[in-house]
Every structure is written in C-alpha cells, then in structure tokens.
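Fold and geometry: a report
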Amino acid sequence: MNASLVLLKKNGGHKTFPLAGNVTVIGRRDDCDLRIPLPMVSRRHCQLSLNGSAMELRDLGSRGGTFVNGKKVEDQTATVRAGDYIRIGPLTFVCQIDGKPEKIVPPKKGAPKTKAKPKPQKAPADDSGSKLGEDLSDLDVSDSFLNLDESDSDMEDLKNA
C-alpha cells in the first residue's frame, strides 16, 4: 500500500507527505515521523498504522484531539480510507491511498456534523466579560488551514526526513 497525507493549504494549494513506514507518529516533537511545529499540536499527537489494505489512526492522548471526517477519535483506533479528512490541530489533511482520490478537494462547508453534545449550563461571566467554563468542544475549526508557501521554512519542519 502506498499512502500519503495531503495538507490542504489556505490558498487552495496542497502539499503531499508520503508515509514511509508501516507506523507514522505525528506530533510536535523532533523525533516524530511527521513533525508539525505548532503549539496546538501535542508532542506525540497521533499515530497512523498501515496494516495490509487498511490504515488505522490512533490518538495518542492529544490535548486537542484528532478528528476523522469531523468525528473525534477517542479511546480506540479509527479506520481511515482514501479520501477521508484528518484534522490535527488547525491543519486538515486528505488521506491518499494508492493514488486515490486522484483529485484533492477541501471538505465541504456545511457537511453533516456529528451528533451535538448537550450544552452545559452557562457559568457567570468574570470581570473581563468572558464566560467561565465555556464548552469549546463543538467549535468547528475544520476550515482553518495553515497558510504556508513551498519556500516557507515552517513547511520544511513539517517533514522530518
């Protein structure tokens, strides 16, 4: 199986990162296979494993979570298929397996969302006017892409090769 993650950029472009081994650890640390040097990405955020014709994604206890097609990966692994969207921090990747999908497109805005969680009761506002205990778990940042150019030094840091 030939697998890659394709980073969707804010300007509509994309950058492909081939997955070299059977196991790819993604995170902020220098020793990760795919390094994303952003503070909202955990040091060891998630792991992709290639098993024959399937790809499994496991969140490694990341603080912000890992999402496949808008659904948070919790406790167990999630099967990832060609064309699935993986969100890690503010970055969205498309999973490409054996050249599929051929055309890389960003996720549709307004796509069906996962089942909404019950909203917690609102806490009183503090002196700054912000609400204490505000639940941000339903915050949709799937259309937040990092704007990087091919020559940008941060883009080079994404790949630890």
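These lines cover the structure that appears in this document, whether it is placed above or below. Position numbers for residues count from 1 along each chain, tracking the sequence in the order it is written. Where local features are concerned, this predicted model is filtered to residues with pLDDT of at least 70; where side-chain atom pairs are given and counted, the filter is 80 or more; whole-chain, interface and lining totals use all residues. Note: side-chain values were computed over all heavy atoms of the structure, leaving out hydrogens and water.

Moving on to the state of the cysteines. The disulfide criterion is simple: two cysteine sulfur atoms within 2.5 Å. Within this structure, the stated rule accounts for zero disulfides. Left unpaired, C46 is separated from the closest cysteine sulfur, that of C32, by 9.1 Å.

Strand pairing is assigned whenever DSSP identifies at least 2 bridges connecting the two strands. Strands here are runs of E lasting at least two residues and helices are runs of H or I lasting at least four, both read from the DSSP assignment and numbered beginning at the N terminus. Sheet topology note: the strand 1 (residues 3–8)/strand 2 (residues 14–18) ladder contains five bridges and is antiparallel. Residue V6 lies in a different strand from strand 2, and its bridge partner there is T16.

Mapped onto the elements of the fold, S62 is located in the loop between strand 6 (54–59) and strand 7 (66–68). Judged by its relative accessible area of 11%, S62 falls in the buried class. The criterion used for residue contact is that any of the two residues' heavy atoms lie within 4.5 Å. Apart from the residues within four sequence positions on either side, S62 is in contact with S42 and H45. Whenever a nitrogen or oxygen atom comes within 3.5 Å of another N or O atom, the pair is scored as a polar contact, on the condition that within protein one atom can donate a hydrogen and the other can accept it, and that pairs from neighbouring residues in sequence are kept only if both atoms are in side chains. In terms of polar contacts, S62 uses its side chain to reach the side chain of H45, at 3.5 Å. Among the polar contacts made by the side chain of S62, one reaches the main-chain amide nitrogen of G65 at a distance of 3.0 Å. For every residue, the accessible area obtained with a 1.4 Å probe (protein chains only) is divided by the maximum for its type, and the residue is called buried under 20%, exposed over 50%, and partly exposed between those limits.

Turning to the sheet that holds strand 1, a few remarks are in order. Spatially, the six strands line up as an open sheet ordered 2-1-11-10-7-8, and their pairing is antiparallel. The open sheet is flanked by strand 2 and strand 8 (71–72), the only strands paired with a single partner. Relative to strand 8, strand 7 runs antiparallel, the two sharing two bridges. Directly across from F67, in strand 8, lies its bridge partner K72.

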